[in-house]
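Understanding the architecture of this molecule
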Amino acid sequence: MSGARDEFVRALLAFGPHNGAHRVAIRATISTAVPLLVLVAIGHPEWGAWAAFGAFTSLYGRNRVHLTRLVMQLTAAAVMIAAVGLGSLVASLPAPAWPMIAFGAIFAGLISIVSDAEDWHPPGPLFALFAFSGSASLPGIALPDAGIATGVAAASAAFSVLVGSIGTAWRRMRRLPPLESLPVERDYRLSPGRRVQLRRVARYALSVLLAGSIATALGIGHPYWAMVSAVVPVSTGTFVAGLARGTHRIVGTTVGVLLAAAILATRPSELVLVLMIALVAFGTELLVGRNYGIAMVFVTPLALLAVHLSSPVPVEQLIVDRLVESVVGAIVGIAVGFATRRWGARLA
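All figures in this text were calculated on a predicted structure; none of them were measured in a lab.

A word on the side chain of Ser 207
As for its position among the elements, Ser 207 is in helix H8 (residues 194-217). Classification of Ser 207 by relative accessible area gives buried; the value is 0%. At 2.8 Å, the side chain of Ser 207 and the backbone oxygen of Arg 203 are in polar contact. Here Ser 207 is in contact with Ala 230, Val 234, Val 332, Gly 333 and Val 336, once residues within four sequence places are set aside.

Shown next, in the form of structure tokens:
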């Protein structure tokens, strides 16, 4: 028992090395801010969520360089575009909530297979699921809007790939020696066994299905936040590591919603909102590889401000929904991790 407790404390308090995080943070900030600024300038801030989801492409291959990063980001871009397009189609249904949950569970499982096959970093379906379920939850979406959503996400994703390639092009122009990929620290090592992979797929699907169903049954708005939070604890290699990650999610979100509330209380303009989104995006990528809990302090206002830019709702409702659903989702993910812990303490 003391060994598990020590592992939990280490995972909770660990603070990883910098590993050039500022370069990733700059790329992610530019990739997120520029499309949003363009949308505000042309008078369509309501498309902001789709652009932000496409910009998730910039988060992939953070420790890769040159062709390996390009390939990973192109794969991620295709997935994010598909996630936004499919999610927008679901949003156009008369009653999208339950279809979103069902398709979200299937989608999370399928994307986990892609993640394993392509050795994604960051691994797992979290961002793809966020893009799908967030798009499926936007109100007032009609069928023609799915085409607009897909186009906006595609343009944003393409810009992210371009930003991710500029460094390589610049070094070649200056004839500088190429950078080397940094070692990737993983929470688990992939197993060649098909059974283990299917178990991981089942973990993701079950967590999403349960979290979304509970949040919807309780009548909480924005149930997709519970779905996204639920995949966090089961994305790690051990139950104890998942418990620490779930704790990070709850504590970091609690602090993050206070920061978001303080920002939104000033009733910022659309331009100021975009600038604040860029700022917290930088903080997110600067810290997410070092300590997930601290990064969540920035991730939370990033998500809330992006949602508010696209579909403004009363601030109190937005804050409460985010906090309650994150707790629900994290607890569900921890419970699924505990129930399936004998499926292999480590997926290796």
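Structure's up, so let's keep going.
A look at unusual backbone geometry
Here the bond from His 121 into Pro 122 is cis, since omega is 5°, no more than 30 degrees from zero. Within the secondary structure, Pro 122 sits in the loop between helix H5 (97-118) and helix H6 (126-136). We note that Asp 119 has phi near 55°; this positive angle belongs to a residue other than glycine. Within the fold, Asp 119 resides in the loop between H5 and H6. For His 222, which is not a glycine, the phi torsion comes out positive at approximately 55°. Tracing the backbone through its elements, the reader meets His 222 in the loop between H8 and helix H9 (224-234). By relative accessible area, His 222 is classed as buried at 18%.

Describing the pattern of salt bridges
What the rule picks out here adds up to one salt bridge. Notably, a salt bridge pairs Asp 116 with Arg 200, separated by 2.7 Å at the nearest N-O pair. With Asp 116 in helix H5 and Arg 200 in helix H8, the pair connects residues that are 84 residues apart, well separated along the chain. In this pair, the class of Asp 116 matches that of Arg 200, namely buried.

Details of a nonpolar patch on the surface
A cluster of nonpolar side chains, Ile 26, Ile 30, Val 34, Val 38 and Ile 42, forms an exposed patch at the surface whose accessible area comes to about 390 Å². In this structure, Ile 26 sits in helix H2 (residues 21-41).

Regarding the side chain of Arg 322
Within the secondary structure, Arg 322 sits in helix H13 (residues 315-339). As a buried residue without a salt bridge, Arg 322 has its nearest oppositely charged side chain in Glu 325, at a separation of 8.0 Å. Not counting residues up to four positions away in its chain, the partners in contact with Arg 322 are Trp 225, Arg 249, Thr 253, Val 257, Met 296, Val 299, Thr 300, Ala 303 and Leu 304.

Details of the environment of Val 38
Looking at the secondary structure, you find Val 38 in helix H2. On the basis of relative accessibility, which here comes to 45%, the residue Val 38 falls in the partly exposed class. Considered as a pair, Val 38 and Gly 48 are ten residues apart in the sequence and their alpha carbons are 9.6 Å apart.

Here we look at helix H11 (residues 270-287)
Taking 1.5 Å of rise per residue, 18 residues should cover 26 Å, and H11 covers 26 Å from first to last C-alpha, within 8% of that figure. Of the residues making up H11, those classed as buried are Leu 273, Val 274, Ile 277, Ala 278, Val 280, Ala 281, Gly 283, Thr 284, Glu 285 and Leu 287. The secondary structure elements touched by the buried residues of H11 are H2, helix H10 (239-264) and helix H12 (292-310).

A closer look at the packing of aromatic side chains
Counted according to the given criterion, the structure contains ten aromatic pairs. By way of ring pairs, the aromatic residues Phe 53, Phe 56, Tyr 60, Trp 120, Phe 127, Phe 130, Tyr 224 and Trp 225 are connected into one cluster. Directly above the aromatic system of Tyr 292 lies the positively charged group of Arg 245, at a separation of 4.8 Å from the ring centroid. Seen from the ring of Phe 338, Arg 341 lies directly overhead, with NZ or CZ sitting 3.9 Å from the centre.

Procedures and definitions
Residues numbered from 1 in each chain as written. Predicted model: local features only at pLDDT ≥ 70, side-chain atom pairs only at ≥ 80, totals over all residues. Heavy atoms only, no water. Helix = DSSP H or I, 4+ residues; strand = E, 2+ residues; numbered from the N terminus. Buried < 20%, exposed > 50% of the residue type's maximum accessible area, 1.4 Å probe, protein only. Polar contact = N/O pair within 3.5 Å; in protein donor to acceptor, adjacent residues only side chain to side chain. Contact = heavy atoms within 4.5 Å. Salt bridge = Lys/Arg side-chain N within 4 Å of Asp/Glu carboxyl O. Patch = residues over 30% accessible without salt bridge, like charges linked within 9 Å, V, L, I, M, F, W, Y side chains within 5 Å. Areas by Shrake-Rupley, 256 points an atom, 1.4 Å probe, with all protein chains shown as cover. Lys, Arg positive; Asp, Glu negative; His and termini not counted. Expected span 1.5 Å × (residues − 1). Phe/Tyr/Trp six-rings, centres within 6.5 Å; stacked < 30°, edge-to-face > 60°. Lys NZ or Arg CZ within 6 Å of the ring centre and 35° of its normal.

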